Amino acid sequence: DGGITQSPKYLFRKEGQNVTLSCEQNLNHDAMYWYRQDPGQGLRLIYYSQIVNDFQKGDIAEGYSVSREKKESFPLTVTSAQKNPTAFYLCASIGTSGSMDEQFFGPGTRLTVL
Amino acid sequence: SQQGEEDPQALSIQEGENATMNCSYKTSINNLQWYRQNSGRGLVHLILIRSNEREKHSGRLRVTLDTSKKSSSLLITASRAADTASYFCATVESGYSTLTFGKGTMLLVSP
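Criteria and thresholds
- Residues numbered from 1 in each chain as written.
- Chains lettered and ligands numbered in written order.
- Predicted model: local features only at pLDDT ≥ 70, side-chain atom pairs only at ≥ 80, totals over all residues.
- Heavy atoms only, no water.
- Helix = DSSP H or I, 4+ residues; strand = E, 2+ residues; numbered from the N terminus.
- Rg over C-alpha atoms; globule rule 2.2 N^0.38 Å.
- Buried < 20%, exposed > 50% of the residue type's maximum accessible area, 1.4 Å probe, protein only.
- Contact = heavy atoms within 4.5 Å.
- Areas by Shrake-Rupley, 256 points an atom, 1.4 Å probe, with all protein chains shown as cover.
- Lys, Arg positive; Asp, Glu negative; His and termini not counted.
- Charge placed at Lys NZ, Arg CZ, Asp CG, Glu CD.
- Phe/Tyr/Trp six-rings, centres within 6.5 Å; stacked < 30°, edge-to-face > 60°.
- Buried area = accessible area lost by both parts, 1.4 Å probe.
- Salt bridge = Lys/Arg side-chain N within 4 Å of Asp/Glu carboxyl O.
- Polar contact = N/O pair within 3.5 Å; in protein donor to acceptor, adjacent residues only side chain to side chain.
- Nonpolar A, V, L, I, M, F, W, Y, C, P; charged D, E, K, R; others polar.
- Disulfide = S-S within 2.5 Å.

Engineer: How should the overall build of chain B be read in this particular structure?
Structural biologist: When its secondary structure is counted, chain B shows zero helices and eleven strands. Compactness check: chain B gives a C-alpha radius of gyration of 13 Å against a globular reference of 13 Å for 111 residues, within 12% of the reference. Projected onto the principal axes, the alpha-carbon positions of chain B cover approximately 45 × 30 × 20 Å. Looking at chain B residue by residue over its 111 residues, the buried ones come to 47%. Put simply, 55% of the contacts in chain B that link residues at least 6 apart link residues at least 24 apart. Of the roughly 5200 Å² that chain B leaves accessible, carbon and sulfur atoms contribute 46%. Of note, chain B has its 12 positive side-chain charges centred 4 Å away from the centre of its 10 negative side-chain charges.

Laid out in structure tokens, this is it:
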């Protein structure tokens, strides 16, 4: 089955710790995106990458970091500098960079900071 | 960055009724997309309408786009309990390569 996987589904972290969320796709898609969703809110863009070894900041990049060493993988690190990290994190991909057609989403990771 | 705004925020209807959700946006767009999200899940793409299109159909879904009013509507006909979900519009601003999402409409369809 082709698709996007995110792991883990639920993640708990103590304040002051960094944590990395995984996003893998086997769709051979060029571009990948990370969004944050807070209760009752829409999605806000954190980072995106249109090609391997390149990525751009989205609207709310502060306190987050990413890497894109492989086409299939786009991990997101939530650092201790992120003041309010508890949220639902969604990863997405799109077939061709710049086409901006349908985005495919993973199932999400719910992060809770204790 | 611009953001689509959905209206209403929440909608409650009976099975068999039609559901209409509206989306307004602020600047020139390349296309507008509608997504569905079941509680605690990822988003699923429903339909895309380009800036030079006025209406599009997909099964029980009908989307309209009025670029002069910077608005779109999503109509779900003959709704079912399984249509219960949140619905989001997302816009691709001209010249940009990212989607901007609205806050969504929560639809509840009662049997």
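Engineer: Can you help me understand the packing of aromatic side chains in this one?
Structural biologist: Geometrically, a pair of aromatic rings is defined through the distance of the ring centres and the angle of the planes. All names here are of chain A. Taken as a whole, this structure holds nine aromatic pairs over all chains when the rule is applied. Ring geometry for Tyr35 and Phe105: centres 5.7 Å apart, planes at 35°, overall tilted. Of the two residues, Tyr35 is situated in strand β4 (residues 31-37) and Phe105 in strand β10 (residues 104-105); the sequence distance between them amounts to 70 residues. Comparing Tyr35 with Phe105, the two get one shared label, buried.

Engineer: Is there a simple way to explain the interface of chain A and chain B in this structure?
Structural biologist: Of the residues lining the interface, 21 residues belong to chain A; the matching set on chain B comes to 21 residues. Here chain A and chain B share an interface that buries about 1600 Å² over both sides, 54% of which is from carbon and sulfur atoms. Among the residues of chain A in contact with chain B, Leu43, Met100 and Phe105 of chain A are the three that bury the most area, contributing 30% of the side total. Counting across the chain A and chain B interface gives one salt bridge. A salt bridge links Asp101 of chain A to Arg50 of chain B, with the nearest nitrogen and oxygen atoms 3.2 Å apart. The interface formed by chain A and chain B contains six residue pairs in polar contact (both at pLDDT 80 or more). Among the elements that line the side of chain A that touches chain B, the one with the most residues is strand β5 (residues 43-51) of chain A, at four residues. Here the residues of the side of chain A that touches chain B sort into ten nonpolar, seven polar and four charged.

Engineer: I keep staring at the state of the cysteines and nothing clicks. Help me out?
Structural biologist: Between two cysteines, a covalent bond joining their sulfur atoms is known as a disulfide. All names here are of chain A. Per the stated rule, a full pass over the model turns up two disulfides over all chains. Bridging Cys23 to Cys91, the disulfide has an S-S length of 1.9 Å. In this structure the cystine formed by Cys23 and Cys91 twists about its S-S bond by roughly -75°; its chirality is therefore left-handed. A residue pair is termed long-range when its members are at least 10 positions apart, and Cys23 in strand β3 (residues 19-25) and Cys91 in strand β9 (residues 87-94) qualify at 68 residues.

What is shown is where atoms sit, not what they do.
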